[in-house]
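# Chains, contacts and geometry: an overview
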Amino acid sequence: MSKVNESISPGRIIICLIIVLIIAAFFRLYKLDENPRYLDIDEAVGGLKAEKALTTGDFQFFYSIDPMVMKREPFTHEGLYVNLIALSFALFGKSIWAIRVTSAVIGLLTVLGIFLLSREIFQAWPRPPTQQDKTLLYGINPNTAALACAFLLAVSFWHTLFSRIGFNATLTPLPTVFAFWFLVRATCRSGRIRDFILGGIFLGLSFHTYLSNRVLPFVALALLLLWLLQRARGNSETDKVYKPIVPIFFYWTAWLVVASPIFYYFLTHPEDFTHRAKDLSIFEKPGWALVVIKNFFVTLGQFNLRGDEFLRHNLPGSPQLYWTTGIFFIIGIVLGVRMSVAYIRGILSKRCAGDGSFLPLFLLLWLLATLAPAFLSSGPHPHAHRALNAVLPAFILAALGGTYLYGCLKRSFSNETGKRLLAVFAIATLVFTGVMEYRKYFQSWAGHEDIGFYFSKNQYRISEFINSQPREMKKFVIVNFYGPQPVQFLTDTYLEEGREEKNLIYLVPDQPINIDFSKERPYVVIPLSRDKALYEKMRANVPGDFVQTEDFDYIINE
């Protein structure tokens, strides 16, 4: 056994993994109630549906929220994330923190999942015939490489940001990582029907998360086809365990059973299946082919060149990967392409080496599939939100690239001192990456002067004002901007009884001129957004003092 292997005991692996998970927890939980400040509309939507489900007991597989005044179609999305928020409310009470801690726990479990998945991939990764120790990956223990992969995801700005806000897309990588962990383990090592069934269960759960995960069955199908092709051309150890038709049948049956509630919902509500995808589809626009090609390269460039410009999703324009991780990612892509070509040649020549020979091609196909919802959709590009599932194959490829680079450098040293210095430099590089990712999130992004605009600062301040007013003060909120969900959540006025308790009424912009305010005193009228034309219309019919604050204006008559 090699010295490297002897130095990596199971106990040390567990200790290192715990340290990585502690770091991941710190990045996701530290000042969770402060960063980001205020409350985004999408976060409030999930919180309101969770509140209603918990209050009424009406938990659903697919939720829609009442149509907003400025958006005719209702918000609709899969129900698993909302139901998890409801569980958080039941445990911790209703709050912004309770919404976001749901995402934080999901993000933490995803870091654990990518360690398990990447270790499985690294253990089965095809080794060159010249490599003497077949238990190592480019001269590195696969457990060490998997720990590096988990660490890079743990400190990733991209994944940290979405692990700290209440978007249902945050849930997409979690069932995905476990779905492919079980499937890779089943096809590359165990061959057990139990692993196929568990993989199918998690794949089914992924359908209850977000629109972009609808591509995952095609990724799973590609993996299974590559596995079958390798079995037909090579000498797989799993050939002796089960005939392929049996585990594949159980896999897809498990997927169908778990996903069936959402399928049934879409069969009975086909408009909810198509309306969001249709709104985002690029294929109905003229010249879509050229646009798709452009979007593809722009989306691919988000990793190393220029990322999402939207402050809510990213520090505008900064690459989604820090430059150290980005270099590893590029090396991993080149390595994956080279090995995929070798795999295809081996298949064509009826020679296939090892159970994991299809993994490089699978990783590349998986990466492309996770990027497809972004580059095949309309709107701004790149889009870090829609491409969030790409963090899994991207960071596995980055860990592979880093491991390969480290192995090459290690072989260039003939003495132990040089190898130790290289190990220290590698650890220092990881620490440096973590520090810079911390600064990017907690200082540059969370401290950005415009963060309040993107997280509904004005509605947050309006809610504070409403909550400070006595009940006898009648409160009119004019919804002249997108939707009032943050105010509804923060003032407990989504449900009818809450509005009665607060003595609050939501109005569309034209309604104030039809109300006899002489009978409503005392009252306060608060538009969600500053609108000079609206104020001019209100002046004649809404007497009172016009008050301006830093974040909103209102008319009050006491």
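Look above for the structure.
The notes below deal with the structure included here. (Residues numbered from 1 in each chain as written. Predicted model: local features only at pLDDT ≥ 70, side-chain atom pairs only at ≥ 80, totals over all residues. Heavy atoms only, no water.)

## Considerations on the side chain of D553
Within the secondary structure layout, D553 lies in strand 7 (residues 553-557). A distance of 3.0 Å separates polar atoms of two side chains, one belonging to D553 and the other to R530. Ignoring any residue separated from it by four or fewer positions in sequence, one finds D553 in contact with I526, P527, R530, Y535, F546, V547 and Q548. (Helix = DSSP H or I, 4+ residues; strand = E, 2+ residues; numbered from the N terminus. Polar contact = N/O pair within 3.5 Å; in protein donor to acceptor, adjacent residues only side chain to side chain. Contact = heavy atoms within 4.5 Å.)

## Examining the environment of V298
Within the element layout of this structure, V298 appears in helix 13 (residues 288-300). Put simply, V298 and H383 are 85 residues apart on the chain and 9.6 Å apart in space, counted from C-alpha to C-alpha. In contact with V298, other than residues within four places in its own chain, are H381 and P382.

## Observations concerning the packing of aromatic side chains
Applying the stated criterion across every chain, the model contains 49 aromatic pairs. Judged by centre distance (5.8 Å) and plane angle (85°), the ring pair of F207 and W255 falls under edge-to-face. Within this pair, whereas F207 is found in the loop between helix 9 (193-206) and helix 10 (216-233), its partner W255 is found in helix 11 (residues 245-268), the two being separated by 48 residues in sequence. Each of the two residues, F207 as well as W255, counts as buried. (Phe/Tyr/Trp six-rings, centres within 6.5 Å; stacked < 30°, edge-to-face > 60°. Buried < 20%, exposed > 50% of the residue type's maximum accessible area, 1.4 Å probe, protein only.)

## Focus on the nonpolar core
When a protein is soluble and globular, its nonpolar side chains tend to lie buried together. Counting residues in each nonpolar core, the largest one holds 124 residues, and the members touching the most others are F180, W366, I396 and W445. Beyond its immediate chain neighbours, meaning those up to four positions away, I396 contacts I114, L117, S118, I121, F122, C149, L363 and W366. (Core = buried A, V, L, I, M, F, W, Y, C linked by side-chain atoms within 4.5 Å.)

## Examining a nonpolar patch on the surface
Judged by side-chain polarity, L87, L91, F92 and W97 come together as a nonpolar surface patch covering roughly 430 Å² of accessible area. Looking at the nonpolar patch element by element, the count peaks at 3 residues for helix 4 (residues 80-92). Turning to its location among the elements, L87 is positioned in helix 4. (Patch = residues over 30% accessible without salt bridge, like charges linked within 9 Å, V, L, I, M, F, W, Y side chains within 5 Å. Areas by Shrake-Rupley, 256 points an atom, 1.4 Å probe, with all protein chains shown as cover. Salt bridge = Lys/Arg side-chain N within 4 Å of Asp/Glu carboxyl O.)

## Side note on unusual backbone geometry
In this chain, N35 is followed by P36 through a cis amide linkage whose omega measures 0°. Along the chain, P36 falls in the loop between helix 2 (10-29) and helix 3 (41-56). Following R521, the chain continues to P522 via a peptide bond in cis, the omega torsion being 0°. Along the chain, P522 turns up in the loop between strand 4 (504-507) and strand 5 (523-527). Backbone geometry at S456 places phi at a positive 55°, although glycine is not the residue there. Position of S456 among the secondary structure elements: in the loop between helix 18 (451-454) and helix 19 (457-468). Overall, the relative accessible area of 7% leaves S456 in the buried class.

## Quick look at the pairing of strand 5
A regular strand places its side chains so that they alternate between the two faces of the sheet. Most of strand 5 sits inside the fold, with 5 of its 5 residues counted as buried. Of the two faces of strand 5, both are covered, the one formed by Y523, V525 and P527 as well as the one formed by V524 and I526. Where strand 5 meets strand 7, 3 bridges bridge the pair, whose relative direction is antiparallel. By the bridge assignment for strand 7, V524 is matched with I556. (Pairing = 2+ DSSP bridges.)

## Re the pattern of salt bridges
Here the idea is simple: oppositely charged side chains can pair when their charged atoms come close. This model, assessed by the stated rule, comprises 17 salt bridges. One salt bridge in this structure joins E78 and R214, with 3.5 Å as the shortest N-O distance. In this pair, E78 sits in strand 2 (residues 75-78) while R214 sits in the loop between helix 9 and helix 10, placing the two residues 136 residues apart along the sequence. The residues E78 and R214 share a single accessibility class, namely buried. Here E464 and R461 are joined by a salt bridge, their closest N and O atoms 3.0 Å apart. Of the two residues, E464 and R461 both sit in helix 19, 3 residues apart, roughly one turn of that helix. Residue classification places E464 among the partly exposed positions, given a relative accessible area of 39%. In the salt-bridge network here, residues are joined through shared partners; they are K457, R461, E464, E550 and D551.

## Section: the packing of helix 14 (residues 323-348) against helix 17 (residues 416-445)
For the pair helix 14 and helix 17, interaxial distance at closest approach is 9 Å and the crossing angle is 120°. Relative to helix 17, helix 14 is oriented oblique. Here helix 14 contributes W323, T324, T325 and F328 to the contact with helix 17, which in turn contributes T429, F432 and T433. Taken together, the residues of the contact of helix 14 with helix 17 sort by class into 3 nonpolar, 4 polar and no charged. (Axes fitted to C-alpha atoms, helices over the stretch in contact; angles between N-to-C directions. Parallel < 35°, antiparallel > 145°, perpendicular 65-115°, else oblique. Nonpolar A, V, L, I, M, F, W, Y, C, P; charged D, E, K, R; others polar.)

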